[in-house]
Amino acid sequence: MGLQTVEIREALRQALDEEMARDERVFLIGEEVGEYNGAYKVSKGLLDKWGPMRVLDTPISENGFTGLAIGAAMTGLRPVVEYMSWNFSFVAADQLISNACKMHYMSGGRFNVPIVLRGCNGSAAQVSCQHSHCVEAIYGNLPGWVIVSPSNAYDAKGLLKAAIRFNNPVLFLENELDYGDKMDIPQDEYIVEIGKGKVIKEGRDATIVSYSRMLKSCVAAAREMEKNGYSIEIIDLRTVKPVDIALIAASIRKTHRCLLVEEGHRFAGICAEIGFQIMEHCFDDLDVPLERVCQRETPMPYSKVLEQETIPNPERITAALKRLFN
Amino acid sequence: MDHRSRAWENQPPTRLEMMAIGRDKSFFTFDLQKVIDELGCDALLAHLQKMLLIRNLEIRGEAAYQNGKVGGFYHSYIGQEAIQTGCVAAAGDQHWYTTTYRCHALALLLGATPNEIMAELFGKETGNAKGRGGSMHLFTDRLLGGLAIVGGQVPIATGAAFSIKYQKQKGMASFCFLGEGAVAQGAFHESLNLASLWNLPAIYVIENNHWGMGTAANRAIAVDPIADHLSKSYDMRSIRVDGMDFFACYAAFKEALAVVLKTSRPILIEADTQRFRGHSISDPGQYRSKEELRWAMERDPIALMKTVLILHNMLTEEEFRKMDLEQRDKVLAAVSFAEASPWPSTVSLEEGVMAP
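If you're wondering where the values come from, they're calculated on a predicted model, not measured in any experiment. (Residues numbered from 1 in each chain as written. Chains lettered and ligands numbered in written order. Predicted model: local features only at pLDDT ≥ 70, side-chain atom pairs only at ≥ 80, totals over all residues.)

A. The arrangement of the domain arrangement of chain A in detail. Residues and elements named next belong to chain A. Domains assigned within chain A are domain 1 (3-186) and domain 2 (198-324). Using only C-alpha atoms to locate each centre, domain 1 and domain 2 end up separated by 26 Å. Residue-level contacts link 22 residues of domain 1 with 21 residues of domain 2. Where the side of domain 1 that touches domain 2 is concerned, the elements lending two or more residues are α6 (136-140), β6 (146-148) and α7 (153-165). By residue class, the composition of the side of domain 1 that touches domain 2 is 10 nonpolar, 9 polar and 3 charged. (Domains from an automatic or database assignment. Contact = placed C-beta atoms within 7 Å. Helix = DSSP H or I, 4+ residues; strand = E, 2+ residues; numbered from the N terminus. Nonpolar A, V, L, I, M, F, W, Y, C, P; charged D, E, K, R; others polar.)

Here it is in structure tokens:
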């Protein structure tokens, strides 16, 4: 099977293009997705190829176009909504929360909402308090949808294709700073299954569970620990909800130590949830209490010195790993 | 000159008809005789019967609520029956429809049975949404809800209109009902902008019952009449219709649908109406004077339609009473059905959160 070297943005573009070719019900809607070719160029060339009925530039009207896409999904189409950033989804929170994630249940199973909502999540480079939110814990509190957050080009393409074929809403979280990350991926078509995590580095002594951009810092911290003879296993969740607790439990049964890392806030965060699930599933396999590294309890400050301190960084992750062995 | 005085020029108007003429605002004008001829006696009686079924269902639903059989919120459609009945009579039931929490009537008109609606109110397994939705969330194959955040249904309906256009479905439109209170929501304005911008076959119907819960429309909405003002902002046509008059509603929706299908442009309708109850069952409506309520109830859409049909020798008082009793019996049978139906299995609680 031939390989191609692509950036994450190109992997996402290929997923959109392939699924639009495969299913004429699939369309892309959002701000600047068409003539501008996407704020981050994920949709480059798609308007020229598929035309304005399938690649729709919207007004700055997230509540309106999100609801429109949900209505379209209920009536036979398969929309992909691009948020220029997930921060802007808050304007559409009513449509997401009141309609998208509960329509199937509320209607007694009459209506499905096969929709993908995608865009960049979390912090970028000094975009400050209102443009740096991690939304997975906020939206993850609600049943009725899936939350996917790939960390590399291979998973980004395979998971987006799976998300578009999924019959429920999928919140698809990307990262502005990672769009340019390159990777060799197959030239042939493939799918990555939703709900499955992956061990991206095997180890014996402790398990790190994380996802998305934080994995880079986790890998750096694990290498630092290896200098001292510790062997660290790293799990990439890939799907945040539902979480692949079986994979996590299997790893902890081997390592007996676990650190959880997320970019978002500490209180009621993803680590809080997974930590509790670990207690439910494999409490007796833990030799020491869990550790977690999360975003500190501040809005995102502008100054890069402060920004680096509030986001989990390799130093804080390494310190937490060391605590596992004290 | 009012449309009614022209249409009925051969007969002196009764007091009730005078009330039905409405206030000094410019309603949509139409030819009553043409509507009567077009629909014919059988269809007219069938539509009156539907209005009576809605009325009886609401009365018995409220009684069941008072008896502790129905929980949550209960928003009655009593007083507003002519609007959605006229709409479905004019347009048929093969479009997309979306409405508010005040959704019992539209579900009935689009084919939900009294049994399944009453069972849903009772929270039973046999209910319209298997006991998951309740009073505010009824659905049919063509009804996208029963959506209960004020204004939140308007983008959904706009999406259905988009879907019709995307799939090139001929002869179809998306009807969206909302209260005048929803006009203050951004979702409404964003939807109208998108529908106009993209030439979507959407028919937005503001059912202006003059009260957003206990807040009078003129204390909440800056313009009056609403549709005439706001349609201009979005380069849309508007129609303002007497929402207590089945015939006017029928004619207005017929025209609106024809215009939308011909132009593939959205339209904004304002149906002037009155609810005879509070906002919901827990609202005694003390903000509304007795005179206003009495005045509103004298324009009862069912009484008005009955009067016209009697004037045209299509109905007698006796036949009307019989029709009313038949609808009452259907609803009482639905109450019995709901009572006798099983509760949802608690084992099934977590089923249906995700579609297969």
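B. How the structure looks around the sheet that holds strand β8 (residues 267-272) of chain B. All names here are of chain B. Overall, parallel pairing links the 6 strands, which are arranged β2-β1-β3-β4-β8-β7 in an open sheet. At either end of the open sheet lies a strand with only one pairing partner, and these are β2 (143-146) and β7 (237-242). Averaged over all pairs of adjacent strands, the angle between their axes in this sheet comes to 15 degrees, without regard to strand direction. Note: β7 against β8, 6 bridges, orientation parallel. Bridge pairing in β8 places Ser 238 opposite Leu 268. Seen against the sheet, helix α7 (residues 153-166) touches β1 (96-99), β2, β3 (174-179) and β4 (202-208) and runs at an angle of roughly 170 degrees to β3. (Pairing = 2+ DSSP bridges. Axes fitted to C-alpha atoms, helices over the stretch in contact; angles between N-to-C directions.)

C. Local environment of unusual backbone geometry. Cis geometry is adopted by the peptide bond preceding A:Pro242, which originates at A:Lys241 and carries an omega value of 0 degrees. Of note, A:Pro242 is situated in the loop between β12 (239-241) and α9 (245-255). Across the junction of B:Asp224 and B:Pro225, the peptide omega takes the value -5 degrees, indicating a cis bond. With respect to the helices and strands, B:Pro225 occurs in the loop between β6 (215-216) and α9 (226-233). You will see that B:Asn313, though not glycine, has its phi angle at about 60 degrees, which is positive. Within the secondary structure, B:Asn313 is located in the loop between α12 (301-311) and α13 (317-340).

D. Inspection of the sheet that holds strand β13 (residues 258-265) of chain A at higher detail. Residue and element names in this part refer to chain A. Reading across the sheet, the 5 strands line up as β9-β11-β10-β13-β14 and stay open at both edges, with mixed pairing between neighbours. The two strands at the open ends of the sheet, each matched to only one other strand, are β9 (198-201) and β14 (291-295). Averaged over all adjacent pairs, the angle separating strand axes in this sheet is 25 degrees, with direction ignored. Pairing of strand β10 (residues 206-210) with strand β11 (residues 232-236) involves 5 bridges; the strand directions are parallel. Note that in β11 the partner of Thr 207 across the bridge is Glu 233. Strands β9, β10, β11 and β13 of the sheet are contacted by helix α8 (residues 214-226), whose axis makes an angle of about 170 degrees with β11. Contacts between helix α10 (residues 270-282) and the sheet are confined to β10, β13 and β14, with β13 contributing the most and set at about 155 degrees to the helix.

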